[in-house]
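Now for the letters of each chain:
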Amino acid sequence: MDWIKLPKKVAKVTDEERHVRTEGLWIKCDGCRQIIWRKDLEETLHCCPKCGHHFRIDSRTRLRFLLDGGTWQEHDATLSSTDPLGFVDAKPYKDRLAGMQKTLGMKDALISATGTVHGRKVHVCSCELKFIGGSMGTVMGEKITRAIERSLADRSPLIIVSASGGARMQEGAVSLMQLAKISAALMMLDKAKVPFISVMTDPTTGGVTASFAMLGDLNVAEPGALIGFAGPRVIEQTIRQKLPEGFQRSEFVLQHGFLDAVVKRSEMRDFIARSLDFFCGPLAA
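Bear in mind that the values here come from a model prediction, so they are computed numbers and not experimental data.

Student: Please clarify how the packing of helix α5 (residues 138-154) against helix α6 (residues 172-191) should be interpreted in this entry.
Tutor: How two helices sit against one another is set out by the angle between their axes and by the gap between those axes. Axis separation between α5 and α6 bottoms out at 9 Å; the angle between their running directions is 10°. By the angle between their directions, the pair α5 and α6 is classed as roughly parallel. From α5, Thr 138, Gly 141, Glu 142, Ile 144, Thr 145, Ile 148, Ser 151 and Leu 152 reach across to α6, where they touch Val 174, Gln 178, Lys 181, Ile 182, Ala 185, Leu 186, Met 188 and Leu 189. Residues belonging to the contact of α5 with α6 are distributed by class as follows: nine nonpolar, five polar and two charged.

In structure tokens, the structure reads:
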């Protein structure tokens, strides 16, 4: 019986090792609560293949989905806040900034870039929600203003993709000044008849909604995006009333006249290209 070889003992896998091996491979949808294989989610541009729920995505992924070839030229990447107030809450603002910059590999909550959409040159600003809630401080205000100036200089359309909790409290009134600064620059763009398309994603709130997000020649949003000034919980606590179902979501906002369209992520690039053809005329063959 020497020719019979018993199988080697299979090593046991602990619960902890099993968790590590499978962590991040499956994601629960916030819409339908179903479990989704991550690869399937990536193939649908991070939208649930079962219910269509649009997951939040980072600024670089947003640019890859929007621009031809997923490539762009970045501008003003080295701009960083100087902490004008020396602000301290749970920890110093300088430390908070340094931590975000190290973790995300970017200096502030917005990427300013130049690329093409269906062959047409555009200037695009994309907010990064993970960077202190995508809040708007001096750097975001300056980068958007410079992008507007570039659009004026070469008469190329401007697209701003918003994902923000509003003005950055750590910079106080200096951050609030950016609302007027950007709005004044957009007025110059409007007078020059250069198109500006505002794309609102989940969430677009506070000072961003109160300024550039609602000033587009065309205001569009992704499905289910939270759009408003104060959040629904703050409003409910203030007026002591239960808000309607879907209040401040993009479909509700569209129904009440504050949006021009709600567009799926998979259709956004084509929609913007058609809109720019309408504003600027088709590109020469």
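Student: Is there a simple way to explain the side chain of Thr 204 in this structure?
Tutor: Of note, Thr 204 is situated in strand β7 (residues 196-204). Polar side-chain contacts of Thr 204 include one of 3.4 Å to the backbone oxygen of Ser 162. With residues near it in sequence (within four places) discarded, Thr 204 still touches Ser 162, Ala 163, Ser 164, Thr 209, Ala 213, Leu 226, Ile 227 and Gly 228.

Student: What am I meant to see in the pairing of strand β5 (residues 120-127) here?
Tutor: Within a regular strand, side chains alternate between the sheet's two faces. Here β5 lies mainly inside the structure; seven of its eight residues are buried. Inspection of the sheet shows strand β4 (residues 110-117) paired to β5 by eight bridges, in the antiparallel sense. Among the inter-strand pairings, Ala 113 is bridged to a residue of β5, identified as Val 124. Hairpin connection, β4 to β5: the antiparallel pair is bridged by two residues, and His 118 has positive phi, about 55°. Read as a crossover between parallel neighbours, the route from β5 over α5 to strand β6 (residues 158-164) is right-handed.

Student: Explanation requested: the packing of aromatic side chains in the structure shown.
Tutor: To describe a pair of aromatic rings, you give the distance between the ring centres and the angle between the ring planes. Summed over all chains, the structure comprises three aromatic pairs. Where Phe 278 meets Phe 279, the ring centres are 5.7 Å apart and the plane angle is 70°; that geometry is what we call edge-to-face.

Student: Before we go on, may I ask you to explain the nonpolar core in this structure?
Tutor: Membership of the largest hydrophobic core comes to 55 residues, with the highest contact counts inside it found for Ile 144, Ile 159 and Ile 272. Those residues in contact with Ile 159 that sit more than four places away from it in its chain are Leu 66, Val 117, Val 122, His 123, Val 124, Cys 125, Ile 197, Val 199 and Ile 272. One finds Ile 27, Ile 36, Leu 41 and Cys 48 within the second-largest nonpolar core, a separate group that totals six residues.

Student: Just to check I follow, could you spell out unusual backbone geometry for this structure?
Tutor: Note that the residue after Asp 202, namely Pro 203, is joined by a cis bond; omega there is -5°. One can find Pro 203 in strand β7. Notably, Arg 33 is not glycine yet its phi reads approximately 65°, a positive angle. For Arg 33, a relative accessible area of 49% puts it in the partly exposed group. In the Ramachandran plot, Arg 240 falls in the positive-phi region, its phi being about 55° despite a non-glycine side chain.

Rules behind the numbers
- Residues numbered from 1 in each chain as written.
- Predicted model: local features only at pLDDT ≥ 70, side-chain atom pairs only at ≥ 80, totals over all residues.
- Heavy atoms only, no water.
- Axes fitted to C-alpha atoms, helices over the stretch in contact; angles between N-to-C directions.
- Helix = DSSP H or I, 4+ residues; strand = E, 2+ residues; numbered from the N terminus.
- Parallel < 35°, antiparallel > 145°, perpendicular 65-115°, else oblique.
- Contact = heavy atoms within 4.5 Å.
- Nonpolar A, V, L, I, M, F, W, Y, C, P; charged D, E, K, R; others polar.
- Polar contact = N/O pair within 3.5 Å; in protein donor to acceptor, adjacent residues only side chain to side chain.
- Buried < 20%, exposed > 50% of the residue type's maximum accessible area, 1.4 Å probe, protein only.
- Pairing = 2+ DSSP bridges.
- Right-handed = clockwise from strand over helix to strand, strands pointing away.
- Phe/Tyr/Trp six-rings, centres within 6.5 Å; stacked < 30°, edge-to-face > 60°.
- Core = buried A, V, L, I, M, F, W, Y, C linked by side-chain atoms within 4.5 Å.

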